[in-house]
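Survey of secondary and tertiary structure
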Amino acid sequence: QVHLVESGGGLVQPGGSLRLSCSASESIFSLSAMGWYRQAPGKQRELVALGTSGVTNYADSVKGRFTISGDNAKNSVYLQMNNLKPEDTAVYYCYARRPRLGGGVDAYWGQGTQVSVSS
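In what follows, the accompanying structure is described. (Residues numbered from 1 in each chain as written. Predicted model: local features only at pLDDT ≥ 70, side-chain atom pairs only at ≥ 80, totals over all residues. Heavy atoms only, no water.)

1. Structural notes on the overall build of the protein chain
A tally of helices and strands in the protein chain yields zero helices and 11 strands. The linear arrangement of helices and strands in the protein chain, starting from the amino end, is β-β-β-β-β-β-β-β-β-β-β. In terms of overall size, the protein chain behaves like a compact globule, its C-alpha atoms giving a radius of gyration of 14 Å where 119 residues would be expected to give roughly 14 Å. Dimensions of the protein chain along its principal axes, counting C-alpha atoms only, are 50 × 30 × 25 Å. Look at the contacts in the protein chain between residues 6 or more apart in sequence, and 55% of them connect residues 24 or more apart. For the protein chain, the exposed surface amounts to about 6,300 Å²; the carbon and sulfur share of it is 48%. Within the protein chain, one finds 11 positive and 8 negative side-chain charges whose respective centroids are separated by 1 Å. (Helix = DSSP H or I, 4+ residues; strand = E, 2+ residues; numbered from the N terminus. Rg over C-alpha atoms; globule rule 2.2 N^0.38 Å. Contact = heavy atoms within 4.5 Å. Areas by Shrake-Rupley, 256 points an atom, 1.4 Å probe, with all protein chains shown as cover. Lys, Arg positive; Asp, Glu negative; His and termini not counted. Charge placed at Lys NZ, Arg CZ, Asp CG, Glu CD.)

2. Some words on the pairing of strand E7 (residues 66-71)
In terms of strand pairing, E7 meets strand E8 (residues 76-81) through six bridges, oriented antiparallel. By the bridge assignment for E8, Ile 68 is matched with Leu 79. The antiparallel pairing of E7 with E8 creates a hairpin that spans four residues between the two strands, and Asn 75 there sits at a positive phi of about 50°. (Pairing = 2+ DSSP bridges.)

3. Some points on the environment of Gly 16
With respect to the helices and strands, Gly 16 occurs in the loop between strand E2 (10-12) and strand E3 (18-24). Taking relative accessible area as the criterion, Gly 16 reaches 17% and is therefore assigned buried. Filtering out sequence-adjacent residues up to four positions away, Gly 16 remains in contact with Met 81, Asn 82, Asn 83 and Leu 84. (Buried < 20%, exposed > 50% of the residue type's maximum accessible area, 1.4 Å probe, protein only.)

4. Thoughts on the sheet that holds strand E1 (residues 4-7)
Taken together, the four strands give an open sheet; going across it, the order is E1-E3-E8-E7, and neighbouring strands pair in antiparallel fashion. The sheet terminates laterally at E1 and E7, the two strands that pair on one side only. Across the sheet, the axes of successive neighbouring strands diverge by a mean angle of 15°, strand direction being ignored. Bridging between E3 and E8 involves six bridges; their strand directions are antiparallel. Counterpart to Cys 22 in the pairing with E8 is Val 77. (Axes fitted to C-alpha atoms, helices over the stretch in contact; angles between N-to-C directions.)

5. Digging into the packing of aromatic side chains
Under the defined criterion, the tally for this structure stands at four aromatic pairs. Ring centres of Tyr 37 and Trp 109 lie 5.1 Å apart, and the angle between their planes is 70°; on these two criteria the pair is classed as edge-to-face. Placement of Tyr 37 in strand E4 (residues 33-39) and of Trp 109 in strand E10 (residues 105-109) is noted, with a sequence separation of 72 residues between them. With a centroid separation of 6.4 Å and 90° between ring planes, the pair formed by Tyr 93 and Trp 109 is classed as edge-to-face. Taken together, the positions of Tyr 93 in strand E9 (residues 90-99) and Trp 109 in strand E10 put the pair 16 residues apart, joining distant regions of the chain. Tyr 93 sits in the buried class, given a relative accessible area of 14%. Given the relative accessible area of 37%, Trp 109 is considered partly exposed. Each residue in the set Tyr 37, Tyr 93, Tyr 95 and Trp 109 is aromatic and connected to the rest through ring pairs, giving one cluster. Its end group placed over the ring of Tyr 93, Arg 45 keeps NZ or CZ at 3.7 Å from the ring centre. (Phe/Tyr/Trp six-rings, centres within 6.5 Å; stacked < 30°, edge-to-face > 60°. Lys NZ or Arg CZ within 6 Å of the ring centre and 35° of its normal.)

Below you can see the structure in the form of structure tokens.
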């Protein structure tokens, strides 16, 4: 079981910035993927940014504004969000994927952190 704990959400005005943090209970070297999803009220959970095998994918809606990064020494991944828009309002979830011995993967989610963008 991998435990993921997010922090850094809050209320920010349009055009502002926030930095989300996700701390994992084990080395991120053991994980095959790690990143962020979000879910707005009444909408499905969607990918925001995901790093896997050295490649990072971003949702088109956040490209150029959001940046994912990691700190192996702290078993953490971060999401720097700049030029925030009201449509970025959502609960943001940290996500991790770990391969199983013998095949397959297990997926893990954090508890979520609220990001609200409003004037």
